[in-house]
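# Structural overview for review
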Amino acid sequence: TGEFEIHVAGDVSFAFWQYWQATQNKTWLQTRGWPVLSGVADFWLSRTTSRANGSAVSIERVIDVNEQAGVINNSAYTNAIAKLSFANAEKAAV
């Protein structure tokens, strides 16, 4: 199931962002934080699919934090942590 538990990438991104918020260490953000934050955002981008009309984006075939549910599409937690990963990477890029 490990290949489908991709929410962990977002968890790592969130932890990196929290570290930055706690320390405000700009050197760390540029040298250590940014590569991870941007890499996770790139990963999420590679895992999204768009509807033909562009009205929505999906992240399919994931295992939610509720691992008992099995492989599902559009896990609320996975989608939320992916959105947060994009937002934090965008903030770090400034």
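Structure: above.
Residues numbered from 1 in each chain as written. Predicted model: local features only at pLDDT ≥ 70, side-chain atom pairs only at ≥ 80, totals over all residues. Heavy atoms only, no water.

## Considerations on helix α3 (residues 76-93)
- Between its first and last C-alpha atoms α3 spans 26 Å; for 18 residues at 1.5 Å apiece the expected length is 26 Å, and the two agree.
- For α3, the complete set of buried residues consists of Thr78, Ile81, Ala82, Ser85, Asn88, Ala89 and Ala92. One side of α3 carries all its buried residues, which in axial view fall inside an arc of 130°. Pointing more than 90 degrees away from the buried face of α3 are the exposed residues Ala76, Lys83 and Glu90.
- The inward-facing, buried residues of α3 contact α1 (7-23), α2 (26-47), β2 (57-59) and β3 (62-63). (Helix = DSSP H or I, 4+ residues; strand = E, 2+ residues; numbered from the N terminus. Expected span 1.5 Å × (residues − 1). Buried < 20%, exposed > 50% of the residue type's maximum accessible area, 1.4 Å probe, protein only. Arc of directions from axis to C-beta. Contact = heavy atoms within 4.5 Å.)

## Thoughts on the packing of aromatic side chains
- Applying the stated criterion across every chain yields a total of 3 aromatic pairs.
- Centre to centre, the rings of Phe16 and Trp28 are 5.5 Å apart; their planes meet at 35°, and the pair counts as tilted. Linking Phe16 in helix α1 with Trp28 in helix α2, this pair joins segments that are 12 residues apart in sequence.
- By relative accessible area, which is 24% here, Phe16 ends up partly exposed.
- On the basis of an interplanar angle of 55° and a centroid distance of 5.4 Å, the ring pair of Phe43 and Trp44 is categorised as tilted.
- For Phe43, a relative accessible area of 29% translates into the label partly exposed.
- The exposure class assigned to Trp44 is buried, which follows from its relative accessible area of 0%. (Phe/Tyr/Trp six-rings, centres within 6.5 Å; stacked < 30°, edge-to-face > 60°.)

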